[in-house]
Amino acid sequence: MDKLHVQGNKNLNGNVVISGSKNAALPILFMTILTEEKVEISNVPNLTDINIALKLLIYLGVKIKYKKILYIDASSINIFYAPYHLIKKIRASIWILGPLLARFGKAKIFLPGGCKIGSRPVDLHLNGLIQLGAKINLKNNCINASVKGRLQGKYILMEKISVGATITIMSAATLAQGSTVIDNAAREPEIVDIAKFLNTIGANIIGAGSNKICIQGVSKLTGGAHRVIPDRIETGTFLVGAAASQGHIICHKTEPKHLQSVLIKLTEAGAKIKTGNDWIKLDMRGKRPKSLNICTSPYPGFPTDMQAQFALLNTISDGIGTITETIFENRFVYISELINMGAKIKIKNNTIICYGIPKLISSNVFCSDLRASATLILAGCIAVGLTIVNHTHHLIRGYESFPNKLNKLGADIKII
Ligand code: EPZ
């Protein structure tokens, strides 16, 4: 899928079932490298990034069966090097490093790929592993890591909050000698889910979800089963789509607790929100959203992965709204595409100022990353006329059946 025709002037109404979280499932798949016993992972979304992660695991020698549930057996890993053509495709491949090092004492991987939303360095991952006793050298974009015997537990103060690096250090520390403390740790729900999975297979982690995670190393891990949490960013994306189109929607099989900051902002925009233990209802019928001022920040702050979606909401809102991006240095590439659709937006350093207009106009737009793809498709749903959305291959990296789910809500999207 690389091009979509999106009919405009739609209201998005109805029910949508949320898929498993991409950003929890990806690291959890790589964490299975840590144990030689069988594990079962359910609620894994069907995404290209997931398929690449599975290909990487199989390349290392992991046995995988899929029957609605992923049955994974990493007992016979016999390769400790991951090939460039797979590593380069996803940012998540960095999470091979910690587990291979912790269990086998060696690992060799290329620097990972991922959405072009910034330089995406991995220095915090590597510094963390070095503090745990690893020897790491970086040559021609290839990371060569090794440790004699076991990694050694340590107190590690993160100089910057990093989801990825917190996951790398937490995973490696599960098999280290002694205890590790990760201070100034990231607090995302995905990290809590990963810690829950690791504890299910015998790890000893407390404090995940707080800014201080303590890991007591164990000599080996066991087997077990785990169900991945729902995707909070997919949920937020559908909620914004309904709000921007003045519709009403119920998101099922989701977790309202994971997106409080998003619900607060949607309520501020004028949406009526109701929540249950696994559903969220949003009603924006007959109401034009009010402009919002947003600043992205690490969880539980406003998620950077919802920045583009709320920029769309602001473009058709009543008033002037601002969005400041503090996590990534190049996450406004999609703004030029919204301006092509008539949006009135100014970029000042890491802030965008949106002057709300009543309607966007259809256009021929180009996606640059995963969240921008979803945003431009939603823009097409509410614009006047037929919008052609190009380069939608980014979309299937992180949204399961997005066009079909939107069509069930009243959109009219054709895959070309
Ligand atoms: C994860 O990326 C997510 N990706 C991102 O989602 C998400 O936007 C991000 O966390 C923040 O929540 C996955 O989970 C696969 P970080 P990650 O390490 O781990 C800098 C999506 O759309 N940094 O928290 O790469 C980094 O450049 C994706 O689903 C270093 O400087 O994010 C950024 O400015 C996009 N050195 C900041 O820290 C490092 O070693 C936060 O990055 C690592 C990160």
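For clarity, every value in this text was computed on a predicted model and none was experimentally measured.

**Focus on the pattern of salt bridges**
Then step 1. Applying the stated rule across the entire model yields 12 salt bridges.
Then step 2. Residues Asp49 and Arg397 are paired through a salt bridge, measuring 2.8 Å at the closest nitrogen-oxygen approach. Residue Asp49 is located in helix H2 (residues 48–60), and its partner Arg397 is located in the loop between strand E22 (386–390) and helix H13 (402–408); the two are separated by 348 residues in the primary sequence. Considered together, Asp49 and Arg397 belong to a single accessibility category, that of buried residues.
Then step 3. The salt bridge involving Lys414 is made with Asp412; its shortest N-O contact spans 3.1 Å.
Then step 4. The network of salt bridges with common partners includes Glu36, Glu37 and Lys220.

**Comments concerning the sheet that holds strand E8 (residues 142–146)**
Then step 1. An order of E6-E8-E7 is seen for the 3 strands of this open sheet, with the pairing classed as antiparallel. Either end of the sheet is taken by a strand with one partner, and the two such strands are strand E6 (106–110) and strand E7 (135–139). Averaged over all adjacent pairs, the angle separating strand axes in this sheet is 10°, with direction ignored.
Then step 2. In the sheet, E7 pairs with E8 via 5 bridges, with the strands oriented antiparallel. Looking across to E8, one finds that Ile136 is bridged to Ala145.
Then step 3. Sheet contacts for helix H4 (residues 97–104): E6 and E8; angle to E6, the most-contacted strand, approximately 160°.

**Some points on the UniProt feature "modified residue: 2-(S-cysteinyl)pyruvic acid O-phosphothioketal" (unreviewed entry) in the protein chain**
Then step 1. Here, UniProt's "modified residue: 2-(S-cysteinyl)pyruvic acid O-phosphothioketal" (unreviewed entry) annotation points to Cys115.
Then step 2. You can see Cys115 is positioned in the loop between E6 and helix H5 (123–131).
Then step 3. For Cys115, a relative accessible area of 12% corresponds to the buried category.
Then step 4. Filtering out sequence-adjacent residues up to four positions away, Cys115 remains in contact with Arg120, Asp369, Leu370 and Arg397.

**Looking at the site of the ligand**
Then step 1. In the region of the ligand, 23 residues are neighbours, and Asp123, Leu124, Ser162, Asp305 and Ile327 sit closest.
Then step 2. Within the side chain of Arg371, one N or O atom sits 2.8 Å away from an oxygen atom of the ligand.
Then step 3. Within the complex, the protein chains bury 93% of what would otherwise be the 820 Å² of accessible surface of the ligand.
Then step 4. Element by element, the count of residues in the shell around the ligand is highest for H5, at 3 residues.
Then step 5. Across the shell around the ligand, the residue classes tally to 9 nonpolar, 5 polar and 9 charged.

**Some words on a positive patch on the surface**
Then step 1. A grouping of Lys272, Lys274, Lys281, Lys287 and Lys290 is seen on the molecular surface, where their side chains present a positively charged patch.
Then step 2. With respect to the element layout, Lys287 can be found in the loop between strand E16 (279–283) and strand E17 (293–295).
Then step 3. By relative accessible area, Lys287 is classed as partly exposed at 33%.

Rules behind the numbers
Residues numbered from 1 in each chain as written. Predicted model: local features only at pLDDT ≥ 70, side-chain atom pairs only at ≥ 80, totals over all residues. Heavy atoms only, no water. Salt bridge = Lys/Arg side-chain N within 4 Å of Asp/Glu carboxyl O. Helix = DSSP H or I, 4+ residues; strand = E, 2+ residues; numbered from the N terminus. Buried < 20%, exposed > 50% of the residue type's maximum accessible area, 1.4 Å probe, protein only. Pairing = 2+ DSSP bridges. Axes fitted to C-alpha atoms, helices over the stretch in contact; angles between N-to-C directions. Contact = heavy atoms within 4.5 Å. UniProt positions renumbered as here; feature names shortened; annotations may be inferred. Near = heavy atom within 4 Å. Polar contact = N/O pair within 3.5 Å; in protein donor to acceptor, adjacent residues only side chain to side chain. Areas by Shrake-Rupley, 256 points an atom, 1.4 Å probe, with all protein chains shown as cover. Nonpolar A, V, L, I, M, F, W, Y, C, P; charged D, E, K, R; others polar. Patch = residues over 30% accessible without salt bridge, like charges linked within 9 Å, V, L, I, M, F, W, Y side chains within 5 Å. Lys, Arg positive; Asp, Glu negative; His and termini not counted. Charge placed at Lys NZ, Arg CZ, Asp CG, Glu CD.

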